[in-house]
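Observations on the model geometry
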Amino acid sequence: MSSAVPFELDASPALSRSTADRQESLRADPERLRARWPSARVVRMDDRGRVPVSERDFFDDNRGANAVPLSTVPALDVAPRLPEDAVFLGQWEGTDYWAVFDTPGADARTVRVDGGWSLPVEVPVDDGEAWVGLREHGAALDDTAAGLLTTAVALRNWHRRARHCAHCGGPTRLRQFGWATVCEQCGREEYPRTDPAVICLVHDDVGVNGEHVLLARQPVWPAGRYSVLAGFVEAGESLECCVEREIREEVGVEVRDIRYLGSQPWPFPRSIMLGFAARADRGAQLAPAEGEIEDARWVPRERVRAAFAERDPDLLLPGPTSIAHVMLRSWAFSGGGDEAGSS
């Protein structure tokens, strides 16, 4: 049976975790930042957004979740003075953290590992370091590492798309240590943008939290892969109206009792996922959007629990980096029982 209390997220989404202080006043003081460069630490990131972590930590089968730190290096090992293209990520425990571009060594070997959704990815391994990506392995990182890398990837992706002025088309250059651009032609300043998207766990009307959840899959996904529904907020639209519209458009179902659960940055390339829960009539006919949704179905709580325990090979749920993973796990185990808390 479901709980008498509406379920909430049982943990922070993987990419919402952060410890570093990145307030604007820190990056608005260039003399202070330059003076502190010799004692700073640097995160190296390649052109695919991967960063090095300890090979031993990453491949340790006995490590807990959210436990791997980044392999940062002393700033003076990178450059004697603050490089012009270095990006300020924040301050933690009295130390400034920066990001610079680098690559694994030419002799790096590759290791195939699970990248979430049971899909393999290749990880370069070089000189005791494994170069991992945020989307695939963000959940393995500790809180400080997750926050620093999420910031670094978000800024990197924005820089790639902000090379020309949105007003006149002129070339831009970075300012505020990666947190702004200025047009060299008209002087217009721009700042990183985020596209809001909603993601909603829809359950049935049984009790408070329901006993079935509405899952769907896109045609391009691997067989068996299902998740909750999501979509971008449109111009002039409230978050709640977006939830109603997206569920209606994608599966033809009307939802009600919409409530907020939590959020997670998703810098692929520049989104923030705003998580909601809602109720719907399980007897309503599902009408998957042609070309967008291949299949939609109501899945019982017991089967979702089995999928988290890897006892249902025909149902692949979102990987741990996604807020959808936390939403589904929180809902699945909100009803208690002898499996509660496992995943």
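Just above, that's the structure.
Everything in this summary refers to the structure shown in the same document. (Residues numbered from 1 in each chain as written. Predicted model: local features only at pLDDT ≥ 70, side-chain atom pairs only at ≥ 80, totals over all residues. Heavy atoms only, no water.)

The next thing to look at is the nonpolar core. One finds Trp98 and Leu215 to be the most contacted residues of the largest nonpolar core, which totals 71 residues. When sequence neighbours within four positions are dropped, the list of residues in contact with tryptophan 98 reads Leu33, Trp37, Ala40, Arg41, Val42, Val43, Leu82, Ala86, Val87, Phe88, Leu89 and Phe177. (Core = buried A, V, L, I, M, F, W, Y, C linked by side-chain atoms within 4.5 Å. Buried < 20%, exposed > 50% of the residue type's maximum accessible area, 1.4 Å probe, protein only. Contact = heavy atoms within 4.5 Å.)

With that settled, consider the side chain of aspartate 46. Looking at the element boundaries, aspartate 46 is found in the loop between strand 1 (41-45) and strand 2 (50-54). There is a polar contact of 2.8 Å between the side chain of aspartate 46 and the backbone nitrogen of arginine 50. Ignoring sequence-local partners within four residues, the contact set of aspartate 46 consists of Phe101, Asp102, Thr103, Pro104, Trp131 and Arg156. (Helix = DSSP H or I, 4+ residues; strand = E, 2+ residues; numbered from the N terminus. Polar contact = N/O pair within 3.5 Å; in protein donor to acceptor, adjacent residues only side chain to side chain.)

On to the pattern of salt bridges. What the rule picks out here adds up to 26 salt bridges. Across the salt bridge formed by aspartate 205 and arginine 256, the nearest N and O atoms sit 2.2 Å from each other. Placement of aspartate 205 in the loop between strand 12 (195-203) and strand 13 (212-217) and of arginine 256 in strand 15 (residues 256-266) is noted, with a sequence separation of 51 residues between them. With a shortest N-O distance of 2.9 Å, arginine 248 and glutamate 254 are connected by a salt bridge. When its relative accessible area of 38% is taken as the criterion, arginine 248 is described as partly exposed. Looking at glutamate 254, the relative accessible area reads 48%, which means it is partly exposed. It is possible to trace a salt-bridge network through shared partners that takes in Glu234, Glu237, Arg245, Glu246 and Glu249. (Salt bridge = Lys/Arg side-chain N within 4 Å of Asp/Glu carboxyl O.)

The subject of this paragraph is the pairing of strand 5 (residues 95-101). In terms of burial, strand 5 is largely enclosed, as six of its seven residues are buried. Relative to strand 5, strand 1 runs parallel, the two sharing five bridges. Across the sheet, residue valine 42 finds its bridge partner in strand 5, namely tryptophan 98. Alignment of strand 4 (residues 87-92) against strand 5, held across five bridges, turns out to be antiparallel. Counterpart to phenylalanine 88 in the pairing with strand 5 is tryptophan 98. Hairpin connection between strand 4 and strand 5: a loop of two residues separates the two successive antiparallel strands, and glutamate 93 in this loop has a positive phi of roughly 50°. (Pairing = 2+ DSSP bridges.)

Across the sheet, which stays open at both edges, the three strands sit in the order 9-10-11 with antiparallel pairing between neighbours. Whereas interior strands pair on both sides, the edge strands pair on one side only; in this sheet they are strand 9 (172-175) and strand 11 (189-190).

The full count for this structure, using the stated rule, is two cavities of 30 Å³ or more. One number sums up the size of the largest cavity: a volume of about 60 Å³. Contributing to the lining of the largest cavity are Met45, Val87, Ala99, Val100, Phe101, Ala152, Leu155, Arg156 and His159. Elements that contribute at least two residues to the lining of the largest cavity include exactly strand 5 and helix 5 (143-161). (1 Å grid on protein atoms, 1.4 Å probe; cavity = no way out; pocket = protein on both sides within 12 Å on 5 of 7 lines; lining within 4 Å. Points joined across faces, edges and corners; volume = space filled by probe spheres on them.)

This part is about the sheet that holds strand 7 (residues 120-126). Taking strand neighbours across the sheet as the criterion, the four strands line up as 2-8-7-6 in an open arrangement whose pairing is antiparallel. Two strands bound the open sheet, and with one partner strand each, they are strand 2 and strand 6 (109-114). Adjacent strand axes in the sheet meet at a mean angle of 40° when their direction is disregarded. Here strand 2 pairs with strand 8 (residues 129-133) via five bridges, running antiparallel. Within strand 8, the position partnered with proline 52 by the bridge is tryptophan 131. (Axes fitted to C-alpha atoms, helices over the stretch in contact; angles between N-to-C directions.)

We now examine the layout of surface pockets. Volume-wise, the largest pocket comes out at about 980 Å³. Lining the largest pocket are 35 residues, and of these Asp114, Gly116, Gly319, Pro320 and His325 lie nearest its centre. Contributions of two or more residues to the lining of the largest pocket are made by strand 6, helix 4 (134-137), helix 7 (301-308) and helix 8 (323-332). Considering each element in turn, the lining of the largest pocket owes the most residues, three residues, to helix 8. Among the residues making up the lining of the largest pocket, the classes are represented as 18 nonpolar, ten polar and seven charged. In terms of lining, the second largest pocket is formed by 33 residues, of which the most central are Trp117, Arg135, Trp221, Arg225 and Trp266. Within the residue set of the lining of the second largest pocket, elements represented by two or more residues are helix 4, strand 12, strand 13, strand 14 (229-232), strand 16 (271-279) and helix 8. When residues in the lining of the second largest pocket are grouped by element, the largest group, four residues, is from strand 14. The residue makeup of the lining of the second largest pocket, split by class, is 18 nonpolar, nine polar and six charged. (Nonpolar A, V, L, I, M, F, W, Y, C, P; charged D, E, K, R; others polar.)

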